[in-house]
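Structural overview
For reference, the chains in residue letters:
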Amino acid sequence: MSEYGYLLCVDCRVYIWLGKAIQDDTRIIYFAVGSKEPNWRQPELAKSVWKFLADHVGHPLESVREFSQRYDQMVADDPPEGEYSEVGDTSHTGPTFEEYLSGWPGSR
């Protein structure tokens, strides 16, 4: 069964999809789309993760596995603390990677 990972900011209620968790016998070793190349080789996603880290310095960040308690809160239809939005284009709740990176000096 595939499992995905997410990086989220608890305070801002925003997250970014990291991809499919690729594991060895004991731990996650990287994230990928399917079983292809590691996601750090995808320029827009990699830049978006770095911008996300810069945007949320000092905020509580969590690396979340699918099917965890935090994940369930993140995707709930009517979460008690408010909905999360996603950086990227998969859920259409937040900006696309292109929109998120627009004007960011770190992407040059």
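Residues numbered from 1 in each chain as written. Predicted model: local features only at pLDDT ≥ 70, side-chain atom pairs only at ≥ 80, totals over all residues. Heavy atoms only, no water.

**Details of the pairing of strand β1 (residues 4-9)**
Of all six residues in β1, five are buried; the element is thus mostly enclosed. As paired strands, β1 and strand β2 (residues 14-23) are joined by six bridges and run antiparallel to one another. Residue pairing across strands places Gly5 opposite Gly19, the latter belonging to β2. Pairing analysis gives five bridges linking β1 to strand β4 (residues 61-65), with the strands arranged antiparallel. For Gly5, the partnering residue across the bridge sits in β4 and is Arg65. (Buried < 20%, exposed > 50% of the residue type's maximum accessible area, 1.4 Å probe, protein only. Helix = DSSP H or I, 4+ residues; strand = E, 2+ residues; numbered from the N terminus. Pairing = 2+ DSSP bridges.)

**Observations concerning the side chain of His56**
Within the element layout of this structure, His56 appears in the loop between α1 (43-55) and β4. Contact partners of His56, with chain neighbours within four places excluded, come to Cys9, Cys12, Val14 and Leu61. (Contact = heavy atoms within 4.5 Å.)

**Quick look at the pairing of β2**
Taken across its 10 residues, β2 has eight buried, putting it largely inside the fold. The pairing of β2 with strand β5 (residues 85-87) spans three bridges and is parallel. When the sheet's bridge partners are listed, Tyr15 is paired in β5 with Glu86. Pairing between β2 and strand β3 (residues 28-32): four bridges, direction antiparallel. In the sheet register, Ala21 faces β3, and the bridge partner there is Phe31. Joining the antiparallel neighbours β2 and β3 is a turn of four residues.

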